[in-house]
Structure formats: structure tokens, C-alpha cells
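Structure assessment
Now for the letters of each chain:
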Amino acid sequence: MIKLNNITKYYENGTLALNNINLCIKQGEIFGIIGQSGAGKSTLLRCLNALEIPSDGYVSFENVNLSQQTPATLRKIRHQIGMIFQHFNLLASRTVFENVALPLELQKCEKHFIQEKVSGILELTGLTDKQHFYPKQLSGGQKQRVAIARALITDPKVILCDEATSALDPMTSENILNLLKSINQQLKITMILITHDFSVIDKICDKVAVLNQGELVEYGTVAQVFKNPQHLVTKTLLQHTAYGDKLC
């Protein structure tokens, strides 16, 4: 479904952010990308939705080379790619319902369609009783549920999660991960999770890629990588978590 073909990215100052990354992410997978700060995770995520264009190589989405598309075509493709952020990115002046409805309003959908669609998504994400609340009235977990609902509202084929649980306490984080897993199973949406936390990978991911200083240093199923890490950075990351003793 998504292929990264020899992705290399230089910043304007000449810094190498990504070096020859090759990955294949299949439809319906929950795919984790993990690494320390500065590993290139966020840059890679921005390449996946064409907010960053690689200096070399290309990303293909359903066999379409994103680097060769016009801005208008890219906008249409991005409607198929939902985004969930660490700090929610909700509009304080809009209610839960209005935040979730915003992408449909921007697409100029009919009001009755928006009402029906948003109501269904709010039920799916457990927010029906919060639809008239404003973000300041919500907990962190509820805000992230709103962000998930907003990402789902356009029926995306892929959801990109950028440290989606980093701002949450452990119990709330587990609840959000369970929700994402449930959505993946019900809707068959491909999910790509950017994280620095191996517990997130262990909880819901099918496969994992480990980045270090812009390079892909390890890639495989979660069981393969966790139980038999090959690269020093993977072993180091595992040793700094509660999973180190159990999995290494």
C-alpha cells in the first residue's frame, strides 16, 4: 500500500535527515517507527503525507508516486491520510462536534451528511456525551479521542500517529492504544505510529522499523525485533524500558 523507495532527505543547511530508507507497509497493518530524538522519525512521517518531498527517492501511495503529483492532486490524496498529533491540535473555540466536523465543512459537504457522519464517528470513539463540550472542558484522553475522531471523519485509508500517547498518563495511553487497535480491526485502516516508546510498539503494532541518525537499522515483525534485536541502538532502547529484561 505504501512503499518508501530509497528515501533520502537533506535539510536546506545540508544536514542529512534520512539516508536511503526502504520500507513496505501493507494494507491493514499497524506499523511502528521508533527511534531516539533526532533519529528522523518526524521527517519520515512528513514524507509519508508529502509535506516533505525527499531529496532523492520517492514515496508511493497505492502505486502513485507522491513526488510527481500536482498540489491539487496531493490535496486529494491527503484526504485519504488522517493525522493524529501529540498535542491534539484542537480548535479551542469549537465544540467537540464542530472540531470533528471541520474537515467535512472544508470539503463543503451537506449539513445533513455532516450531522450523520459526525454522530457515527463520535459513537465509535466514545464521545457522544461530550459532543457539545469545548476542548478546555475535556481531559487529555478525551481530547485525543476528539483528534482521532477528526482524523477518521474523511474515511481515510491510512492514519499517521505522531507520538499520539506521549502527552498522556500510562492508563489513558493504554485506553487510547486500545481504541486505535479496535478501530484498526473494525475499519481495516492502516496505521503508522511514530514513537520513542517500545511499550507502544509492543501493545498494538504488527511490524516495527528502528531509525538511528536518519538510517533504518532494523526492521521486522515486533516479535522478531523485540526478542532478537540485532542493532546496538535497538538493544540500548530496549534496555531503557521495562521491556529490556523481558524481551532481550
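Here the structure is a predicted model, which is why all the values come from computation and not from measurement. (Residues numbered from 1 in each chain as written. Predicted model: local features only at pLDDT ≥ 70, side-chain atom pairs only at ≥ 80, totals over all residues. Heavy atoms only, no water.)

1. Comments concerning the layout of surface pockets
Formally: The distinction between a cavity and a pocket rests on a 1 Å grid over the protein atoms alone: a 1.4 Å probe fits inside a cavity but cannot get out, while a pocket stays open yet meets protein on both sides within 12 Å along at least five of seven lines, and a residue with an atom within 4 Å of a point counts as lining. Grid points are joined across faces, edges and corners, and a volume is the space filled by probe spheres set on the points. Put simply, DSSP H or I for four residues or longer makes a helix, DSSP E for two residues or longer makes a strand, and each gets a number counted from the N terminus. Each residue receives one of three labels: charged for Asp, Glu, Lys and Arg, nonpolar for Ala, Val, Leu, Ile, Met, Phe, Trp, Tyr, Cys and Pro, and polar for the others, Gly being one of them.
Taken as a whole, the largest pocket spans an internal volume of roughly 560 Å³. Lining the largest pocket are 18 residues, and of these Arg 78, His 79, Ile 81, Met 83 and Pro 103 lie nearest its centre. Secondary structure elements with two or more residues in the lining of the largest pocket: helix H2 (71-78), strand E6 (81-84), helix H3 (96-106) and helix H5 (140-152). A class-by-class count of the residues in the lining of the largest pocket yields nine nonpolar, six polar and three charged. Its volume calculated, the second largest pocket comes out at about 240 Å³. Considering the residues around the second largest pocket, the lining is formed by 15 residues, among which Pro 170, Ser 173, Asp 197, Ser 199 and Val 200 are closest to the centre.

2. Topic: the pattern of salt bridges
Rules: Salt bridges are defined as contacts in which a side-chain nitrogen from Lys or Arg sits within 4 Å of a carboxyl oxygen from Asp or Glu. Only protein chains enter the accessibility calculation, which uses a 1.4 Å probe; a residue is then buried when its area is under 20% of its type maximum, exposed when over 50%, and partly exposed in between.
Here the structure, examined in full by the defined rule, presents seven salt bridges. The partner of Lys 9 in a salt bridge is Glu 52, with the nearest N and O atoms 3.3 Å apart. Of this pair, Lys 9 sits in strand E1 (residues 2-10) while Glu 52 sits in the loop between helix H1 (41-48) and strand E4 (56-61), and the two are 43 residues apart along the sequence. Glu 52 carries the same exposure label as Lys 9, and that label is buried. Close ionic contact of Lys 117 with Asp 155 constitutes a salt bridge, the shortest N to O distance being 2.6 Å. One end of the pair, Lys 117, is in helix H4 (residues 111-124); the other, Asp 155, is in the loop between H5 and strand E7 (158-162), with 38 residues separating them in the sequence. For Lys 117, a relative accessible area of 18% translates into the label buried. Within this structure, Lys 9, Arg 46 and Glu 52 form a network of salt bridges that share partners.

3. What to know about the packing of aromatic side chains
Formally: Two rings from Phe, Tyr or Trp (for Trp, the six-membered ring) form a pair when their centres are within 6.5 Å of each other. A pair whose planes differ by under 30 degrees is stacked, one over 60 is edge-to-face, and the rest are tilted.
Using the criterion set out here, one finds two aromatic pairs in the structure. Ring centres of Phe 31 and Tyr 219 lie 5.9 Å apart, and the angle between their planes is 40 degrees; this geometry places the pair in the tilted category. With Phe 31 in strand E3 (residues 30-34) and Tyr 219 in strand E10 (residues 215-221), this residue pair connects regions lying 188 residues apart in the sequence. The exposure class of Tyr 219 is partly exposed, given its relative accessible area of 37%. Relative to Phe 226, the ring of Phe 198 has its centre 4.8 Å away and its plane inclined at 85 degrees; by these criteria the two rings are edge-to-face. Remark: Phe 226 occurs in helix H8 (residues 222-227) and Phe 198 occurs in helix H7 (residues 198-204); sequence separation between them is 28 residues. On the accessibility criterion, Phe 198 (0% relative accessible area) is buried.

4. Quick notes on empty space enclosed by the protein
Applying the stated criterion to the full structure yields one cavity of 30 Å³ or more. If you add up the space inside the largest cavity, you get close to 60 Å³. Cys 161, Glu 163, Ala 164, Thr 165, Leu 177, Leu 180, Leu 193, Ile 194, Thr 195 and Val 200 together form the lining of the largest cavity. It is strand E8 (residues 190-195) that provides the largest number of residues to the lining of the largest cavity, a total of three residues. In terms of residue class, the lining of the largest cavity is built from seven nonpolar, two polar and one charged.

Limitation: the analysis is restricted to geometry and does not speak to function.
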